[in-house]
Each structure stands twice: as C-alpha cells, then as structure tokens.
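Remarks on the overall topology
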Amino acid sequence: MKPVRAEPIILDDLTLGYDRHPAVHHLTGRIEPGAMLAIVGPNGAGKSTLLKGLIGELRPLGGRISGGAGRRATLAYVPQKDGIDVSYPVSVFDLVAMGLWERRGVFGAFGRRDGGAVSEALGLVGLSGFERRAVGTLSGGQLQRALFARVSLQDAPVILLDEPFSAIDNATMDDLMTLVRRWSEEGRTVVAVLHDLAAVRAHFPQTLLMARHAIGWGRTAEVLTPDNLARARGMTEAFDDEAPFCEANPVGHDDGHGHHHDHHDHGPGGHHGHGHDHPHAHGHDGAQGQARKPEPASNAQAPHRHD
Amino acid sequence: MIDWLVGPFVEFAFMRRALAGILALSLAGAPLGVLLMLRRMSLTGDGLSHAILPGTAIAYALFGLSLWHMTVGGFLAGGAIVLAAGVMARATVLKEDATLASFYLISLALGVLIVSLRGSNVDLMHFLFGSVLALDDPTLTLVAAIASLTLFGLALLWRPLVLDGVDPGFLRTVSRSGAPSYFAFMILLVLNLVAGFHALGTLLAVGFLVLPAVTARFWARDLNGMVLVAGIVALGGGVAGLLTSYHASVPTGPAMILMLGVAFLLSVFLGPVGSVLATHRAGRHRTG
C-alpha cells in the first residue's frame, strides 16, 4: 500500500448556486485528509452542486474553497452514471484506461505497462476479462464497477462520488465499499453523495447532512438524528425569484447588519439558514463543520438571492 | 467487365481526377462522419453544409467562379454560422439545433438568391449539385490538402474527441482539451463541407460524411471498425456512382449519393450489427 498525501479541503462560508439562487448556502467546514465523508440530504439539497463546486466546475457565488480541491490533478470524480453515453462504441478497456489521463494526456502513447495497470484495476473491481466488451453491454452494476476501476487508475488524493450506489445491488455495493475503504486507508479523502442512510451509518464515519445549508456535520451517529432528518425534510425546494438578496455577504457596505438574519423569511419548516443555532458537532477529529459568523466579504461578489 | 470498370479511367483524365477527388473525400469523410454521427450531429452537419452557401455565393458575385475566393468565403460563412448558432444557443432560450436550423434556412435562401441574381441556371446547378467531373488541378489539390489536414488533425485530437463523446463530464475533470478539440473538430467539419461543396454542391456536400458513417454502424461494433467500414463504403459507393454516371449518362453527384444510399438501405436490413434482420432473428442462445 502506498501512502498518499492529501490536503485538507476547507470550505469558507461557501455559497454555490445557479442564476444567483443559492443551492448551497453559507457552508463552512473542513474535510480532513483521509476522511470518509458522506453527504446526505433531500433532493435539491445541493449535494451534487457542492461536488461541482469541489471539482471547480461551478464558481462560488460567495465564500471560497481552499486546500486540496478545485485542481484537476488532485481530484477523481465519479459522476452520476447517466452522464455516460453507453451507445458510444468503446470498450471497457478504453473507458477505464482514460483514468491514466493525468499521466498520458492527449497525445501520450499507451504502453504495455499501462495495459497491465488497466487489467489490474479491472481485477480490483471484479471485472477481469471484460477488457474487450463494449461499454453498452455492461449492466448498471458492472458499469459502476468499471468507473471505480477508472478512479483507481487516476491515483488521486481526493475522490468524489456522486450517488455511487443508486440502483446498485448489495453485493456490488459491498465490493465497491471494500475499495472505498482501501482508498481511505491509503490516505485518500473520499466524499460521497448518498441516499441510503443505512449504508451511510454502516460505512461512513463522517456525515454532512444538508438542506441547502448544513444541518449537521460531524460524526455520523450524531448527525443522522431523527430531529436533524426531520429538519432536513422541511426544506423548501423551489427558488423564489422575489427572494431578497442575501445580506450575509454584503457588497459595498459592511456596517455589520449582515450578521443578523432574524429579519429574513425562511419559509415553511421553520429552519434557519445561517447556522448560528445549528446543533453542529464540534471538536471531532476528522471532518467537522463550524457554525461561524460570516465576515464581510472583502472580494466583491454579486449578491445572491436568499431562497 | 474489366473494361466497364477500368476503361473510363484509362481513357479520360477527368475521370481519373474525379476518382482522386472521391478518394480524398472518402478518407477524410469516414472518420469525421463517424464522430459526427456518434455525437448525434449528423443533422448539424447537414445544416452546416447549407450555411457555407452565402459565403461562396458572395465570393462568386464579387469575383466570379474563383476557387480560392469561394473556398475562403464558404469557410468564413460556415465558421460564422457555427459561432453565431453556438452563441445564440447559449445566450437565449433556443437550443443549438433550433438556431442552426434557422440560420441554415436563411443561408440557403440568401445563397440561392445571390447566385440567381448574378449568374445563370447552369451556375446555380453548379452551386447546388457541384461538378465532380470538372475538378481541375487546383481544386483537386485543395480537396486533397483538406483531407490530409483532416486526417492529421483527427489523429492528433482523437482521444479527447472520443472521450468528449463518451463521458464529457469526466473529460472536464481531467483536462481542458475538451473545448479546443471540439472547436478544432468544427473547423475540420466546415473545411470538409467546403471540399465537399466543390465536388458535390451545397445540397449533397455532407453525403460523404453522413451516409458511410451510418452504414458502418450496421457492420462494426467498435469505433476503429466503424471508421474502416465507413472509408470502404464511401470509396466503393463513390466509384460505383461515378461509373454508373459515366455509363448511363446521369448526373454524377446524385449517382454517387444514391449508391451510398443503396448501401445504407441494404445495411439497415441486412447488416450483422443492430439491423432489422439482426434484431429480429433471435437465433440460438448460448449457455452463458
């Protein structure tokens, strides 16, 4: 086993979204190297958006991401499977071999050693002998195994998985979780968006429960409480085009009233957007979130709407 | 039989020139067309082939039937429409297929109008259907140069172009080459449409890109095999059309495209991969 040096990923008052509407709202926290973090929350909670922010595909509307994220060489990302065109006539070997992109790039030739590495990665996920098969002939579980083999080849210190086990049977999930644990033991940071709470409790020591903002971030058992889950379900999903601009990231005026959010209407469900009174779990090793008063932003960013 | 096949080429230089032109169009068109089809852009190619018309027509109106002016004009018009359709699709509610269809209709109408104002019906027929039997040396050199550039460019950018089709999200996370290689691909596409325009005219220019590629889909399971089959189909259909046109005294461009069309229709029904026959004949199944 080769040790991997991952950097911590630091989210500093991060707001991500589309068209000025926040999908991830004022998120602050730290993902430690080697952590296994599950991101959980209802549909529309901003989980995939957060991953897009981490890979640098989406620029923050406010706040920032620093540390070991946002740079190509340090990240391996498994998107949801529907992004792949399985009708494209490429073989499993070709698909998995693209994990070597960082080493071979656009022009580099594939040698015999690369072929060996691809076969080895396929063996790791139980797909030995599938090299010549067309991608379109794989089952959903086999395709996911192939994508995990590709991640293995990428040899990245940070691995992001977007709903890796949706529509995957238990046997496949157990095999792939073995691989995920191995990545973590090698010192890689693994962040996975998941829906299956039982799987999260069984396999992931750290959890971020979010409903646009963080409801809880820390040890899985302390985050996935019935109370927290009920609060996550209370999130309003629709964007409100008439929502006022969020004052937590004031542009041009820093008279301090941006720290008080009581005047905002947070919609039904009674949750509060800005974290002062969240039951965050503090002081754990590994990943943890801190409720933190946002400071006036020094960099001018466009204001975003509040809901 | 041998004489039927070889005689015209031995006897006439214009037939040999047409053969060389078809060879160039086939070699470049096959890989480009396969990538185009796999990106679900066959119709985009068709639309673009009309988009080059106003450029060639304006060049014709200003400079007459000048190869270089019409080539540059067509390339500029095609490039401008690609950019305009792309920008408009990103800036407005319309999708790229809708913007491109709008632009190509406008282009076709404008181009036909300009040619009609300036020239005769013979010239218009030349614009619409090309003149593969009248390829002079400079035109042939241009077509061959475009084919060489295409093969070179595709060889260079093959990996990002294929990955951008299979898994664009992944390509974005490992490399910045997606957008530039796509842009280069579109430039090569416009160049090949201009080459096709000289031989086949604006209405059929895309024929050597689309028909061989979709035919190859029924004969090969992997990408390399498809490109190989597409090249053979393009060359075979082109030569068959050329000979048919010579012996039966019918227009050459349509004859070649119709031969490709025959190959396509036969493959739809009889090809070994995913054809009507292949999907409806269950056959014996294996044990595992």
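Because the structure is a prediction, the values reported are computed rather than measured.

Criteria and thresholds
- Residues numbered from 1 in each chain as written.
- Chains lettered and ligands numbered in written order.
- Predicted model: local features only at pLDDT ≥ 70, side-chain atom pairs only at ≥ 80, totals over all residues.
- Heavy atoms only, no water.
- Axes fitted to C-alpha atoms, helices over the stretch in contact; angles between N-to-C directions.
- Helix = DSSP H or I, 4+ residues; strand = E, 2+ residues; numbered from the N terminus.
- Parallel < 35°, antiparallel > 145°, perpendicular 65-115°, else oblique.
- Left-handed = near helix turned anticlockwise from the far one by under 90°.
- Contact = heavy atoms within 4.5 Å.
- Nonpolar A, V, L, I, M, F, W, Y, C, P; charged D, E, K, R; others polar.
- Buried area = accessible area lost by both parts, 1.4 Å probe.
- Salt bridge = Lys/Arg side-chain N within 4 Å of Asp/Glu carboxyl O.
- Polar contact = N/O pair within 3.5 Å; in protein donor to acceptor, adjacent residues only side chain to side chain.
- Expected span 1.5 Å × (residues − 1).
- Bend = angle between axes of the 7 residues up to and from the residue.
- Buried < 20%, exposed > 50% of the residue type's maximum accessible area, 1.4 Å probe, protein only.
- Pairing = 2+ DSSP bridges.
- Right-handed = clockwise from strand over helix to strand, strands pointing away.
- 1 Å grid on protein atoms, 1.4 Å probe; cavity = no way out; pocket = protein on both sides within 12 Å on 5 of 7 lines; lining within 4 Å.
- Points joined across faces, edges and corners; volume = space filled by probe spheres on them.
- Core = buried A, V, L, I, M, F, W, Y, C linked by side-chain atoms within 4.5 Å.
- pLDDT = per-residue confidence, 0-100.

Details of the packing of helix 2 (residues 13–38) of chain B against helix 11 (residues 207–216) of chain B
A pair of packed helices is characterised by two quantities: the angle between their axes and the separation of those axes. Residues and elements named next belong to chain B. Helix 11 packs onto helix 2 with a crossing angle of 60° between their chain directions and a minimal axis gap of 7 Å. Regarding the angle of helix 2 to helix 11, the classification is oblique. Note on packing geometry: the crossing formed by helix 2 with helix 11 is right-handed. Judged by residue contacts, I22, L25, S26, G29, L32, G33, V34 and M37 of helix 2 engage F208, L209, A213 and V214 from helix 11. Per-class residue counts for the contact of helix 2 with helix 11 are 9 nonpolar, 3 polar and no charged.

Focus on the interface of chain A and chain B
Interface size is commonly expressed as the accessible surface area that is lost when the partners come together. At the interface, 26 residues of chain A touch 26 residues of chain B. Where chain A abuts chain B, roughly 2300 Å² becomes buried across the two surfaces, and 57% of that area is made up of carbon and sulfur atoms. Taken together, chain A and chain B are joined by 3 salt bridges. A salt bridge links B:R40 to A:D85; its shortest N-O distance comes to 2.9 Å. Across the contact surface, chain A and chain B share 7 residue pairs in polar contact (both at pLDDT 80 or more). Among the elements that take part in the side of chain A that touches chain B, helix 3 (residues 101–104) of chain A stands out by supplying 3 residues, more than any other. Classifying every residue of the side of chain A that touches chain B gives 14 nonpolar, 6 polar and 6 charged.

Quick notes on helix 10 (residues 178–204) of chain B
A turn of α-helix holds 3.6 residues, and therefore any two residues three or four places apart point the same way. Residues and elements named next belong to chain B. In a regular helix each residue adds 1.5 Å, so 27 residues correspond to 39 Å; helix 10 covers only 30 Å between its end C-alpha atoms and thus falls short of that length. The sharpest bend along helix 10 reaches about 105° and sits at H198. Taking burial as the measure, the 27 residues of helix 10 include 20 buried ones, the bulk of the element.

Digging into the pairing of strand 7 (residues 189–193) of chain A
Residue and element names in this part refer to chain A. The element strand 7 is largely enclosed, with a buried count of 5 among its 5 residues. Burial along strand 7 is two-sided: the face carrying T189, V191 and V193 and the face carrying V190 and A192 are both buried. Bridging between strand 3 (residues 36–40) and strand 7 involves 4 bridges; their strand directions are parallel. What sits directly across from M36, in strand 7, is V190. Relative to strand 7, strand 6 (residues 158–162) runs parallel, the two being bridged by 5 bridges. If you follow L160 over to strand 7, its bridge partner there is V191. Regarding the hand of the β-α-β motif, the stretch spanning strand 6, helix 6 (residues 170–185) and strand 7 is right-handed.

Points about the pattern of salt bridges
Residues and elements named next belong to chain A. Applying the stated criterion to the full structure yields 11 salt bridges over all chains. We note a salt bridge from R188 to E186, for which the minimum N-O separation is 2.9 Å. R188 sits in the buried class, given a relative accessible area of 3%. A single network of salt bridges, built from pairs that share partners, joins D155, R182, E186 and R188.

Examining the layout of surface pockets
Here the largest pocket is characterised by a volume of approximately 690 Å³. Taken together, 23 residues form the lining of the largest pocket, with B:R39, B:R90, B:D164, B:A179 and B:Y182 sitting closest to its centre. Broken down by secondary-structure element, the contributors of at least two residues to the lining of the largest pocket are helix 5 (67–91), helix 8 (137–166), helix 9 (168–174) and helix 10 of chain B. Taken together, the residues of the lining of the largest pocket sort by class into 10 nonpolar, 4 polar and 9 charged. Looking at the second largest pocket, its volume works out to about 570 Å³. Lining of the second largest pocket is provided by 25 residues; of these, A:V90, A:D94, A:M98, B:W158 and B:V162 occupy positions nearest its centre.

Describing unusual backbone geometry
It is generally the case that most residues other than glycine have a negative phi and that most peptide bonds are trans. All names here are of chain A. The phi dihedral of D13 is positive, around 55°, even though this residue is not glycine. Its location among the elements puts D13 in strand 1 (residues 9–18). Using a relative accessible area of 6% as the deciding quantity, one classes D13 as buried.

Thoughts on the nonpolar core
With 134 residues, the main nonpolar core has A:F148, A:L161, A:W183, B:F185 and B:F208 as its most contacted residues. Listed in part, the 26 residues of the second largest apolar core include A:L16, A:L75, A:L208 and A:A214.

Quick word on the confidence of the model for chain B
Mean pLDDT for chain B: 88, with 100% of residues reaching 70 or above. Note on the complex model: pTM 0.80, ipTM 0.79.

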